[in-house]
Amino acid sequence: MLCESVLLEKQGYVATIRLNRPDDRNALNYETLLQLGEKIEELRLDTKETRVVILTASGMAFCAGADLKERRSLNEQQVRRNVNKIREVCTALERLPQPTIAAMNGHAFGGGLELTLACDFRYAVQSAKLGLTEVSLGIIPGAGGTQRLPRLIGLAKAKELILTARKISTLEAHTYGLLNAVADDQDHLMELSNQLASEILANAPLAVYQAKYAVDRGFSTDLQTGLDLESKAYEVIIPSTDRLEALEAFREKRKPIFRGE
């Protein structure tokens, strides 16, 4: 039986995607990318029961990036296929309506780090090293790294990391603004991730989804276009029963019970 290289676990309203090739440092071969894409699509269609998504991995590494053992056996057409697939997967991850949390349990390089750049929040264990190392392999970040990293930490810092292929510590990454927080170990990593998930889950799901949509889509536009997007996102919320429930709960001085409706 073929071992699943990507696992999907659900607990309450939180879904955890787990890269599961620990013996290969969770490197991304084509089969893993296919499975990852399928799991992301499943969650995209499950906003009622899945309200927060955590991305992590088995073993001591988060993701070494592309599977170079596989890459050596591929022809140019197959390389293009793999690069297009990881780019597609990162975009699908970024566009999930649910908030996404990358919980890096170890080193994250190349495409592995690019996966986390497509998430809304990033945590990593203190011992991890992070880097977009592609130029040291004769290629460039091909899954959005050249675009997402500058938007996250600024142009000069992003160029410094990409053009040097530098591997940085989590302390440096936190200082750069690449990480939201650094965890002491893997237990603390999941504690931080689940705490953030719990804070998000306390709020109205439809409002969370629309707020994320407005921020993400408005960020790369001019202010007026962003304000128009915000207005349309607000219009989606006005008819919701959760909005009325929040008002009723305020009147009754109790916590609202949100149903995602």
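Refer to the structure above for everything that follows.
Being a predicted model, the structure only gives us computed values, none of them experimental.

*Asks:* Outline the environment of A158, supporting the account with residue identities and numerical values.
*Replies:* Among the secondary structure elements, A158 is positioned in helix α6 (residues 155–164). Each C-alpha atom, one on A158 and one on R148, is 9.2 Å from the other, the two residues being ten residues apart in sequence.

*Asks:* Please provide a residue-by-residue account of the packing of helix α9 (residues 205–219) against helix α10 (residues 223–237), values included.
*Replies:* Interhelical geometry of α9 versus α10 gives an angle of 165° and a closest axis separation of 9 Å. Put simply, α9 runs roughly antiparallel to α10. Read as a crossing pair, α9 and α10 show a hand that is right-handed. Contacts between α9 and α10 involve L206, A207, Q210, Y213, A214, R217 and G218 from the former and G226, L229, E230, A233, V236 and I237 from the latter. The class makeup of the residues in the contact of α9 with α10 is eight nonpolar, three polar and two charged.

*Asks:* Describe unusual backbone geometry, and please don't skip the residues or the numbers.
*Replies:* Its identity is not glycine, yet R25 carries a phi of approximately 55°, on the positive side. Structurally, the position occupied by R25 is in the loop between β2 (14–19) and α1 (30–44). The phi angle at A165 is positive, at roughly 55°, despite the residue not being glycine. As for its placement among the helices and strands, A165 is situated in the loop between α6 and β8 (168–169).

*Asks:* Describe the sheet that holds strand β4 (residues 100–104), with residues and values.
*Replies:* The six strands lie next to each other as β1-β2-β3-β4-β6-β9, forming an open sheet whose pairing is mixed. Only two strands of the sheet have a single neighbouring strand rather than two, namely β1 (6–11) and β9 (181–183). Between one strand and the next, the sheet's axes are offset by a mean angle of 20°, whatever the strand orientation. Relative to β9, strand β6 (residues 121–125) runs parallel, the two being bridged by three bridges. Counted as the bridge partner of V125 is A183 from β9. The strands touched by helix α8 (residues 186–201) within the sheet are β2, β3 (52–57), β4, β6 and β9, with β6 carrying the most contacts at an inclination of about 160°.

*Asks:* For the environment of P22, give the residues involved together with the corresponding values.
*Replies:* Within the fold, P22 resides in the loop between β2 and α1. Separated by 166 residues in the primary sequence, P22 and H188 have C-alpha atoms spaced 20 Å apart. Those residues within four positions of P22 in sequence are excluded, and the remaining contacts are S58 and G59.

*Asks:* Kindly report on the pattern of salt bridges, identifying the contributing residues and their values.
*Replies:* Tallied over the full model, the rule gives 18 salt bridges. Between D24 and R21 there is a salt bridge, with the nearest N and O atoms lying 3.3 Å from each other. On the basis of relative accessible area, R21 is assigned to the buried category, the value being 16%. Salt bridges here are not isolated pairs; linked through shared partners, they connect E245, E248, R251, E252 and R254.

*Asks:* So what's going on with the sheet that holds β8? Which residues, and what values?
*Replies:* The strand order β5-β7-β8 describes an open sheet built from three strands, whose pairing is mixed. Looking along the sheet, the strands with just one partner apiece sit at the ends: β5 (108–109) and β8. In this structure, β5 lies alongside strand β7 (residues 129–131), joined through two bridges in parallel fashion. Each residue of the ladder has a partner; that of A108, found in β7, is L130.

*Asks:* Talk me through a negative patch on the surface; I want residue IDs and the actual numbers.
*Replies:* Negative charge collects at one region of the surface, where D184, D185, D187 and E191 lie side by side. Relative to the helices and strands, D187 is located in helix α8. Given the relative accessible area of 62%, D187 is considered exposed.

*Asks:* Could you give me a rundown of the side chain of T32, with the residues and numbers involved?
*Replies:* As for its position among the elements, T32 is in helix α1. The buried category is assigned to T32, whose relative accessible area is 1%. A distance of 2.6 Å separates a polar atom in the side chain of T32 from a polar atom in the side chain of N29. For T32, the contacting residues outside a window of four places in its chain are S5, V6, R21 and A27.

Analysis parameters
- Residues numbered from 1 in each chain as written.
- Predicted model: local features only at pLDDT ≥ 70, side-chain atom pairs only at ≥ 80, totals over all residues.
- Heavy atoms only, no water.
- Helix = DSSP H or I, 4+ residues; strand = E, 2+ residues; numbered from the N terminus.
- Axes fitted to C-alpha atoms, helices over the stretch in contact; angles between N-to-C directions.
- Parallel < 35°, antiparallel > 145°, perpendicular 65-115°, else oblique.
- Left-handed = near helix turned anticlockwise from the far one by under 90°.
- Contact = heavy atoms within 4.5 Å.
- Nonpolar A, V, L, I, M, F, W, Y, C, P; charged D, E, K, R; others polar.
- Pairing = 2+ DSSP bridges.
- Salt bridge = Lys/Arg side-chain N within 4 Å of Asp/Glu carboxyl O.
- Buried < 20%, exposed > 50% of the residue type's maximum accessible area, 1.4 Å probe, protein only.
- Patch = residues over 30% accessible without salt bridge, like charges linked within 9 Å, V, L, I, M, F, W, Y side chains within 5 Å.
- Areas by Shrake-Rupley, 256 points an atom, 1.4 Å probe, with all protein chains shown as cover.
- Lys, Arg positive; Asp, Glu negative; His and termini not counted.
- Charge placed at Lys NZ, Arg CZ, Asp CG, Glu CD.
- Polar contact = N/O pair within 3.5 Å; in protein donor to acceptor, adjacent residues only side chain to side chain.

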